[in-house]
Amino acid sequence: MSSASIGIFDSGMGGLTVMRALRARLPGENFVYLGDTARLPYGTKSADTVTRYAVQASAALMRHGIKLLVVACNTASAAALPTLAETLAPLPVVGVIAPGAAAAVAAAPDGPIAVIATEGTVKGGAYVRAIQAIAPHMPVVQQAAPLFVALAEEGLHDGPLPELAAQRYLGPLLATVPRPRGLVLGCTHFPVLKAVIGQVAGPEVTLIDSAETTAAAVENVLREKNLLNGEGGGTARFLATDAPGRFAHLGQIFLGEPIDPGSVTLVDL
Ligand code: DGL
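Residues numbered from 1 in each chain as written. Predicted model: local features only at pLDDT ≥ 70, side-chain atom pairs only at ≥ 80, totals over all residues. Heavy atoms only, no water.

Undergrad: For the overall build of the protein, give the residues involved together with the corresponding values.
TA: In terms of regular secondary structure, the protein is built from eleven helices and ten strands. What you see for the protein is a C-alpha radius of gyration of 17 Å, in line with the 18 Å of a compact globule of 269 residues. By the burial criterion, 55% of the 269 residues in the protein qualify as buried. Counting every atom, the protein has about 11000 Å² of accessible surface; 55% of that belongs to carbon and sulfur. (Helix = DSSP H or I, 4+ residues; strand = E, 2+ residues; numbered from the N terminus. Rg over C-alpha atoms; globule rule 2.2 N^0.38 Å. Buried < 20%, exposed > 50% of the residue type's maximum accessible area, 1.4 Å probe, protein only. Areas by Shrake-Rupley, 256 points an atom, 1.4 Å probe, with all protein chains shown as cover.)

As structure tokens, this is what we get:
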């Protein structure tokens, strides 16, 4: 069972930023990643639709005999985590919101904390609840930043377009008094825009990316359940619901390592 794969899914390529942190921390693990590229974005869809998509994506990963599921999509974690945990039990299911909230409180304990995410994640208030579950009086301000998803998926990671978008989205957050000390990148697509976001936010704002803390949470669960696998040599396979060639080509930027086009399979959910 420990040699079984860790399943990861996201609406597209963004979750590869989480897989990158997982591969660095757990190099002996085998991974199977599903990007629902045909139906991205999830962030503008209703919680019911996102939950339906998330259940279908996890069912496809279950067919690969996974030992743990990582919901590497903030929108799906916010909308569907309880449903997935219940549907897939006893399979362990790890989302990105709780680890992201814990990282935010650790990085900016005196607050305030700002969150940028998709419309769905912001509307559902999952980060506000998760942060205030740890620090009940923490002021949290939020801003939906849907254009960042398109810019990230298009490979437009620097230059005037992401800079303008960052100024537009961060402007109102940075004008909050007192000024936020932590900024949660509450969408798996945003870490590839970190340089631009950091430049606009300024040096006194700490950027928080949940990838590292999610990887730590996965390691803890695997250790507890005695499911850790080896020291190195872990494999990676990919499933995409559309355009596998594009996935392999652009996905490398998110994953930080080459993706063999032969390792990406087109699937229908
Ligand atoms: N991956 C999604 C998330 O982390 C964002 C992209 C989308 O809207 O589908 O929230």
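What follows picks up the thread again.
Undergrad: Tell me about the packing of helix α8 (residues 160–174) against helix α9 (residues 194–201), and please be specific about residues and values.
TA: The contact between α8 and α9 brings their axes to 9 Å, and the two run at 45 degrees. By the criterion of interaxial angle, the relationship of α8 to α9 is oblique. For the pair α8 and α9, the crossing hand works out as right-handed. Here P162, E163, A166, Q167, L170 and L174 of α8 lie close against α9, whose contacting residues are V196, I197, Q199, V200 and A201. Residues belonging to the contact of α8 with α9 are distributed by class as follows: eight nonpolar, two polar and one charged. (Axes fitted to C-alpha atoms, helices over the stretch in contact; angles between N-to-C directions. Parallel < 35°, antiparallel > 145°, perpendicular 65-115°, else oblique. Left-handed = near helix turned anticlockwise from the far one by under 90°. Contact = heavy atoms within 4.5 Å. Nonpolar A, V, L, I, M, F, W, Y, C, P; charged D, E, K, R; others polar.)

Undergrad: Let's hear about the state of the cysteines: which residues, and what values?
TA: As used here, a disulfide is simply a covalent bond connecting the sulfur atoms of two cysteines. A full pass over the atoms with the stated rule returns zero disulfides. Cysteine C73 remains unbridged, with the sulfur of C187 as its closest cysteine sulfur at 6.9 Å. With relative accessibility at 3%, the residue C73 sits in the buried group. Judged by its relative accessible area of 6%, C187 is buried. (Disulfide = S-S within 2.5 Å.)

Undergrad: Requested: an account of the pattern of salt bridges, with residues and values cited.
TA: Evaluation of the coordinates by the stated rule reveals eight salt bridges. Of the charged contacts, one joins E257 and R23 as a salt bridge, the two residues approaching to 2.9 Å between their closest N and O atoms. With E257 in the loop between α11 (244–255) and β10 (264–266) and R23 in helix α1 (residues 16–25), this pair connects stretches of sequence that are 234 residues apart. Under the relative-accessibility criterion, E257 is labelled partly exposed at 27%. As a salt-bridge pair, E204 and R179 come within 3.3 Å of each other at their nearest N and O atoms. Linking E204 in the loop between α9 and β8 (206–208) with R179 in the loop between α8 and β7 (182–186), this pair joins segments that are 25 residues apart in sequence. When salt bridges with common partners are traced through the structure, they connect R25, E219 and R223 into a single cluster. (Salt bridge = Lys/Arg side-chain N within 4 Å of Asp/Glu carboxyl O.)

Undergrad: Could you give me a rundown of the sheet that holds strand β3 (residues 68–71), with the residues and numbers involved?
TA: Strand order in the open sheet formed by six strands is β4-β3-β1-β2-β9-β10, with parallel pairing between adjacent strands. In the strand order of this sheet, the two ends are held by β4 (93–94) and β10, each with one partner. Here five bridges tie strand β1 (residues 6–10) to strand β2 (residues 31–35), and the two strands are oriented parallel to one another. What sits directly across from I6, in β2, is F31. In this fold helix α10 (residues 211–224) packs onto β1, β3 and β4, with an angle of close to 165 degrees to the strand it touches most, β3. (Pairing = 2+ DSSP bridges.)

Undergrad: How would you summarise the sheet that holds strand β5 (residues 113–117) if you had to cite specific residues and measurements?
TA: Backbone-to-backbone hydrogen bonds pair the strands of a sheet. The strands run either parallel or antiparallel. If you trace the four strands from one edge of the open sheet to the other, you get β6-β5-β7-β8, paired in parallel fashion. Each edge of the open sheet is held by one strand with a lone partner, namely β6 (140–144) and β8. Recorded for the sheet is a direction-independent mean angle of 20 degrees between the axes of neighbouring strands. Relative to β8, β7 is paired through three bridges, and the arrangement is parallel. Note on β8: the bridge partner recorded for L183 is L207. Relative to β6, α8 is tilted by about 160 degrees, and along the sheet it contacts β5, β6 and β7.

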